[in-house]
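# A look at the structure
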Amino acid sequence: MGAKIFYKLLKSKERYTRFLLILLIVTSYFNLFSDSRTFADKLELTRTWAVDVSGQITAFELGDLDGDGIEEIFVGNFSDSGYIDVFDAVGQIQIGHSPGTIGKVTAIAVGDIDDDDIAEIVAGTDSAYLYIFNSDDFSLQWVSDTFKVLEEPIDTSLTMLNLQISSVAVSDVDKDDTLEVYVGTYRRNYRQNESPHSLFNIEKGGSLFRMDPITYDFTRISPDPIFSKLEVDDINEDNYEDLICGASGYIYYFEMLGSLHSEGFSVDLYQNGSLDYIYHFNSLFAGAHELDSFSVFNSLTTGNCDLDEQKEIVASFMYHITYMSYELYDPIRLLVFDSDSLKPQLDLTDTVQSESERINGLAIHEVTDDSVNEILAARQKGIIEVLDGTTGDLIATSDTLPSILFFGFGDVCDSADICISDGDSFFVYNVGYVGVEEETESNLPEKFTLFQNYPNPFNPNTTIEYYIPKDIKVTVSIHNILGQKVKTLVDWHQKAGFRKVLWYGKNQNGEDVASGIYFYQLKTEAVVQTKKMVLIK
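In what follows, the accompanying structure is described.

### Focus on the overall build of the protein chain
Scanning the protein chain from N- to C-terminus turns up three helices and 37 strands. In the protein chain, which comprises 537 residues, the proportion classed as buried is 52%. Carbon and sulfur atoms form 49% of the exposed surface of the protein chain, whose accessible area is close to 24400 Å².

### Regarding the sheet that holds strand S35 (residues 497-503)
Spatial ordering of the open sheet is given by S31-S32-S35, a layout of three strands whose pairing is antiparallel. The open sheet has two edge strands with one neighbour each: strand S31 (449-450) and S35. Across two bridges, S31 lies against strand S32 (residues 462-468) in antiparallel orientation. Bridging across to S32, Thr449 finds its partner in Tyr467.

### Some details on the layout of surface pockets
Looking at the second largest pocket, its volume works out to about 780 Å³. In terms of lining, the second largest pocket is formed by 31 residues, of which the most central are Asp308, Gln310, Asp338, Tyr504 and Lys506. Secondary structure elements with two or more residues in the lining of the second largest pocket: strand S23 (344-349), strand S34 (485-494) and S35. With six residues, the top contributor of residues to the lining of the second largest pocket is S34. In terms of residue class, the lining of the second largest pocket is made up of eleven nonpolar, ten polar and ten charged. Structurally, the lining of the second largest pocket is a two-domain feature, drawing no fewer than three residues from each of domain 1 (36-152 + 159-284 + 332-347 + 356-430) and domain 2 (449-535).

### Let's talk about the environment of Ser415
As for its placement among the helices and strands, Ser415 is situated in the loop between strand S28 (406-410) and strand S29 (417-421). For the pair Ser415 and Val431, spaced 16 residues apart in the sequence, the C-alpha separation amounts to 8.5 Å.

### Digging into a negative patch on the surface
Among the surface-exposed residues, Asp115, Asp116, Asp117, Asp136, Asp137, Asp176, Asp177, Asp212 and Asp217 lie close enough to one another that they form a single negatively charged patch. Within the fold, Asp116 resides in the loop between strand S6 (105-111) and strand S7 (120-125). With a relative accessible area of 34%, Asp116 lands in the partly exposed category.

### Thoughts on the pattern of salt bridges
Under the counting rule described, the total for this entry stands at seven salt bridges. Across the pair Asp233 and Lys311 runs a salt bridge, and its minimum N-O distance is 2.8 Å. With Asp233 in strand S14 (residues 227-233) and Lys311 in the loop between strand S19 (291-303) and strand S20 (312-323), the pair connects residues that are 78 residues apart, well separated along the chain. When its relative accessible area of 15% is taken as the criterion, Asp233 is described as buried. Note on Lys311: relative accessible area 18%, which makes it buried. The partner of Arg379 in a salt bridge is Glu357, with the nearest N and O atoms 3.7 Å apart. With a gap of 22 residues between them, Arg379 in strand S25 (residues 374-379) and Glu357 in the loop between S23 and strand S24 (359-365) connect regions that are remote in the sequence. Both residues of the pair, Arg379 and Glu357, belong to the buried class.

Thresholds applied
- Residues numbered from 1 in each chain as written.
- Predicted model: local features only at pLDDT ≥ 70, side-chain atom pairs only at ≥ 80, totals over all residues.
- Heavy atoms only, no water.
- Helix = DSSP H or I, 4+ residues; strand = E, 2+ residues; numbered from the N terminus.
- Buried < 20%, exposed > 50% of the residue type's maximum accessible area, 1.4 Å probe, protein only.
- Areas by Shrake-Rupley, 256 points an atom, 1.4 Å probe, with all protein chains shown as cover.
- Pairing = 2+ DSSP bridges.
- 1 Å grid on protein atoms, 1.4 Å probe; cavity = no way out; pocket = protein on both sides within 12 Å on 5 of 7 lines; lining within 4 Å.
- Points joined across faces, edges and corners; volume = space filled by probe spheres on them.
- Nonpolar A, V, L, I, M, F, W, Y, C, P; charged D, E, K, R; others polar.
- Domains from an automatic or database assignment.
- Patch = residues over 30% accessible without salt bridge, like charges linked within 9 Å, V, L, I, M, F, W, Y side chains within 5 Å.
- Salt bridge = Lys/Arg side-chain N within 4 Å of Asp/Glu carboxyl O.
- Lys, Arg positive; Asp, Glu negative; His and termini not counted.
- Charge placed at Lys NZ, Arg CZ, Asp CG, Glu CD.

Here is the structure:
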């Protein structure tokens, strides 16, 4: 982008544009020397527990079973049948083992769904059964009929190949003071065509269901997409809990607005923009060489990972094609969506095309001790990356860990813990800070310092960094060339240290501002500092 800006400026004959070029050169010079801090390149993780599981791990979840604020670890385990094992990482013991399930456990959620002050464990299987277990003795409370009864296509020309429950969540989205169970499904159907070559189509899809835990009645909320990930959070911060759904090609969130209401937006999962769920094959059905082509979300999380005071939706996915023994993986993509505009504000696409690079877990947490949350991305190859939630820059990586097929982040034995599983065992790590490199007295600022923004000139956003030597109320604001205030970015008490804030080129009303020269100001009771920047569109 910088090269294009230089080219436009050099080709222009206008005096104002040439002035911007001179300003660019000057500000770039100061940018070079304004801040030499670099982040450490290693995420410090301390292993606190490791457990070998007798069987194949098929699901992994964290949840507070006893209401003490410390989360337990729930493991879907398959040997001769499906089971759920529950572990306490503080005491480093197993505290529960469920009865067997029909099929492998594929999704787990925890919550007091019957208002008896005792949490229940909700689990879905790859045979399309939903189970509810009691948490006091881990006995079976209820099991559903297979979801095939609910999912069977109306079109009689379609035949069900398989159906599984891909995700479950527990939440009081409709605010009736009773938790509901939400179930996402994944199905495959085929349609035999009349053709000498026995052409047939495979249709992939699913549905989102809501279950009343009192009557056990199911309501289909939304059909068609594959609901692979469900998250519960007040994403729009209206004090009402929302259900965020990662589906094939879409992200939805459901909220309570008088009645259950949904809003959603499509996501360009496929690089060519296609959101077609119908896939075609050419072979005899009896021994079909199936072309299995689909993309679903591998990971989904929510939280504030920048400085705009709004939560973001962070999701990752991989487009996967299988033909006989041949597999093709499109580059892994990581998207950060603004919860207000419902548009991607950050799109990271890897250049590598390997399943080992798949992001199987995401979390939003502060690990740089700068009062700003970062994105933690867990790759299948056993590496956890720390990413800047504003720019997507790589801040740090962990040492190589066991393969990460499942990932959890929460408070299981300390303030911040990462739990991972390679399919045979699971491991618990305490997360340490990734700090800036130690500063000496010679390079640590002794006074309030406002650094040059970067990039500069910029489009569409820029980062403003500053240093405050003591705890104090800070105001950072944007002004136009007439001195009029355009936007207030920070106006609250902050702790001493390096801080940064992002400006998206919008005014106080959220409207885009015009190209030109702007001033940003750091103001405290002790000092006022101002610097210049250029917005070019």
